[in-house]
Number of protein chains: 2
Amino acid sequence: MILVFKISVNISSIKEVRTLTKNTPKEYYMDIKISSFPRGENLFMGLFSKKKGISVQTVRRLPQYLRVLYDRHAYGRLLVSSTELAEETQVPPIVIKKDLQAVGAPSKMRAGFKVKGTIAAIETFLGWDNLNKAFLIGAGHLGAALLGFSGFKNHGLEIVAAFDTHPERVGNEINGIHVYHTAQMKSVIEEKKLQIAILTVPVAAAQGITDTLVACGVKAIWNFAPVKLNVPPDVAVQQEDIASGLAELCARLKAK
Amino acid sequence: MILVFKISVNISSIKEVRTLTKNTPKEYYMDIKISSFPRGENLFMGLFSKKKGISVQTVRRLPQYLRVLYDRHAYGRLLVSSTELAEETQVPPIVIKKDLQAVGAPSKMRAGFKVKGTIAAIETFLGWDNLNKAFLIGAGHLGAALLGFSGFKNHGLEIVAAFDTHPERVGNEINGIHVYHTAQMKSVIEEKKLQIAILTVPVAAAQGITDTLVACGVKAIWNFAPVKLNVPPDVAVQQEDIASGLAELCARLKAK
DNA sequence: AACTTGTAGATATTTTTATATCCATATGAT
DNA sequence: ATCATATGGATATAAAAATATCTACAAGTT
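Residues numbered from 1 in each chain as written. Chains lettered and ligands numbered in written order. Predicted model: local features only at pLDDT ≥ 70, side-chain atom pairs only at ≥ 80, totals over all residues. Heavy atoms only, no water.

Looking at the overall build of chain A
Broken down by element type, chain A carries eight helices and twelve strands. Looking at the 256 residues of chain A, the share that counts as buried comes to 43%. The long-range fraction of contacts in chain A, counting pairs at least 24 apart against all pairs at least 6 apart in sequence, stands at 50%. (Helix = DSSP H or I, 4+ residues; strand = E, 2+ residues; numbered from the N terminus. Buried < 20%, exposed > 50% of the residue type's maximum accessible area, 1.4 Å probe, protein only. Contact = heavy atoms within 4.5 Å.)

Describing empty space enclosed by the protein
Tallied over the entire structure, the rule returns two cavities of 30 Å³ or more. Top element by residues in the lining of the largest cavity is helix H1 (residues 56-74) of chain B. It accounts for four residues. Residues that form the lining of the largest cavity fall into these classes: five nonpolar, two polar and one charged. In this structure, the second largest cavity encloses a volume near 30 Å³. Together, Pro 63, Leu 66, Arg 67, Tyr 70, Trp 128, Asn 154 and His 155 of chain A line the second largest cavity. Considered class by class, the residues forming the lining of the second largest cavity number four nonpolar, two polar and one charged. (1 Å grid on protein atoms, 1.4 Å probe; cavity = no way out; pocket = protein on both sides within 12 Å on 5 of 7 lines; lining within 4 Å. Points joined across faces, edges and corners; volume = space filled by probe spheres on them. Nonpolar A, V, L, I, M, F, W, Y, C, P; charged D, E, K, R; others polar.)

Things to note about unusual backbone geometry
Not every positive phi belongs to a glycine, and Asn 175 of chain B is a case in point at roughly 55°. Examined against the element boundaries, Asn 175 of chain B turns out to sit in the loop between strand S8 (173-174) and strand S9 (177-181).

Here we look at the pairing of strand S7 (residues 157-164) of chain A
Residue and element names in this part refer to chain A. Of all eight residues making up S7, seven are buried, and the element is well covered by its neighbours. In terms of strand pairing, strand S6 (residues 132-137) meets S7 through six bridges, oriented parallel. Within the sheet, the bridge partner assigned to Phe 135 lies in S7 and is Ala 161. In this region the chain leaves S6, passes through helix H5 (residues 141-148) and returns to the parallel neighbour S7; the handedness of that crossover is right-handed. (Pairing = 2+ DSSP bridges. Right-handed = clockwise from strand over helix to strand, strands pointing away.)

Remarks on the packing of aromatic side chains
Evaluated as defined, the whole model comprises ten aromatic pairs over all chains. When the centroid spacing of 5.1 Å and the interplanar angle of 50° are considered together, the rings of Trp 222 of chain B and Phe 224 of chain B count as tilted. A relative accessible area of 0% means that Trp 222 of chain B is categorised as buried. By relative accessible area, Phe 224 of chain B is classed as buried at 16%. Ring pairing ties together the aromatic residues Phe 149, Phe 152, Trp 222 and Phe 224 of chain A, which thus form one cluster. (Phe/Tyr/Trp six-rings, centres within 6.5 Å; stacked < 30°, edge-to-face > 60°.)

Focus on the pattern of salt bridges
Following the criterion strictly, the structure yields 22 salt bridges over all chains and no others. Where Asp 99 of chain A meets Arg 61 of chain A, a salt bridge forms, and the shortest distance between an N and an O atom there is 2.7 Å. Residue Asp 99 of chain A is located in helix H3 (residues 93-102), and its partner Arg 61 of chain A is located in helix H1 (residues 56-74); the two are separated by 38 residues in the primary sequence. For Asp 99 of chain A, a relative accessible area of 3% puts it in the buried group. Between Asp 164 of chain B and Arg 169 of chain B there is a salt bridge, with its nearest N and O atoms 2.9 Å apart. By relative accessible area, Asp 164 of chain B is classed as buried at 5%. Classification of Arg 169 of chain B by relative accessible area gives partly exposed; the value is 27%. (Salt bridge = Lys/Arg side-chain N within 4 Å of Asp/Glu carboxyl O.)

Brief notes about the pairing of strand S7 (residues 157-164) of chain B
Residue and element names in this part refer to chain B. Burial analysis of S7 places six of its eight residues in the buried class, the great majority of the element. One ladder, built from three bridges, connects S7 with S9; its direction is parallel. Across the sheet, residue Asp 164 finds its bridge partner in S9, namely His 181.

Looking at the nonpolar core
With 45 residues, the main nonpolar core has Tyr 65, Leu 100, Ile 122, Leu 157, Ile 198 and Trp 222 of chain A as its most contacted residues. When residues of this core are assigned to domains, at least three map to each of domain 1 (17-34 + 130-247) and domain 2 (54-126) of chain A. Residues within four places of Ile 122 of chain A in sequence aside, it is in contact with Leu 62, Tyr 65, Leu 66, Leu 69, Leu 100 and Val 103 of chain A. One finds Leu 69, Trp 128, Ile 198 and Ala 220 of chain B within the second-largest nonpolar core, a separate group that totals 44 residues. (Core = buried A, V, L, I, M, F, W, Y, C linked by side-chain atoms within 4.5 Å. Domains from an automatic or database assignment.)

Looking at the domain arrangement of chain A
Domain parsing of chain A yields domain 1 (17-34 + 130-247) and domain 2 (54-126). When each unit is reduced to the centre of its C-alpha atoms, the spacing between domain 1 of chain A and domain 2 of chain A is 27 Å.

Details of the sheet that holds strand S12 (residues 236-239) of chain A
Spatial strand order, S8-S9-S7-S6-S10-S11-S12 (chain A): seven strands in an open sheet with mixed pairing. Either end of the sheet is taken by a strand with one partner, and the two such strands are strand S8 (173-174) and S12 of chain A.

Rendered as structure tokens:
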């Protein structure tokens, strides 16, 4: 059997072999790496197939799509195309297509994605189709802002308790959520079987409270304090850092 | 001149040529793509050199480093290694090293990065070494939280005015910042020559206010409303979306 | 003085993410 | 009925970002 290779190389990849003595005639070589395969007809297809998970970036974009989908659903629309979603979200249509395909959104050829099914697919993927009970620590301005945001109920999150140490805050209700003293945290967490914590306390208090949370068996912490928290590997920490966004804005502003 | 090529190929890349007639003997070929070059000695070095900008991810990490650096500086430390920064920030040391090299942070071989110089390099890069005047629209809970955050002055941002439409908010002072009525926005912006807007208004109002901002010549909008804003290309919009973080947390939680 | 070690510096490689291309198909227009 | 067209599906390519490797060096240790 004769194998005929069609090779096209970029001449700049040629390297001179280290000449040990001055009189040796020069030699050259280059390294070759295969990184792509002819479409479809490869003799050894499937050898390199590896299933991938869904990327973090995709996950972060899903809520945007969801908002548009809710809107279209409210208007009775049955289908929505990636092009249309792109106009609303300013995310490129190809990215949207791939994102939705990744979460298994149902579609109809040449027409678009099915609104209802796509909503369901995203909500299921994120676990937003049933409510998780969460609680908040630190009922200051930011904490109050989060407690006042009713949208969380559409996002699978129900904040059922808040904690603080300030005497003038303890005992209050914010948006119908009772503010307990932090000292009661352990008993309330265990009584209500809470697993998701929202941390909006000052930096100095964050790690100490985190240790308590971990001891209480909390499995997820949404941290708004600008410090990295030390937790055991089975606890998920989601870090929100306002300064990151500002830095990005400043860098973009400077670039102009 | 003789060129000697040393070629090593992965056999799975071989493809069969489409045989047009049944009797033609089979042929095979493969495509070759050069994607790496021998270290240092390439004959055509520099041909492909293209200077790259600093990545978005790097920019977003810079504030974290800055916090640790401020702390070390306060303790009188002169040098800090990427390893040490890694412990505090939980960012891999190699990433830190590359990030700091990218902004041109000064260092000392075998000892680490110079604390003072690195702070200066980051602050200069982000433009945080001199104050930009900003204003905030929407003095609700979230707005008040941002107005109350004194840390912005370390981040090159000085909020000098706030706007709202609620009668009970207009005329107040929050953390020393006066709340004007939104109707006065145009005149105050022009009088104080403001270019950076922080948008913490409800979704329904966001685009309308944005149009006004653009008309007033605002060049940067930090948007906390969960909608994409339509702006001309010369205006920078930085989108903060609380739901993205929540989605990421939920996905991580589900993966466990 | 010779050796060990931890670090930045430079580059290479891998992984992840985004974008492009091509195709089959369903829809609507002609 | 035929055709043009917009779309998802599948795949390929490119770009961005993370991670790994190797070297030179300076500071300590023996």
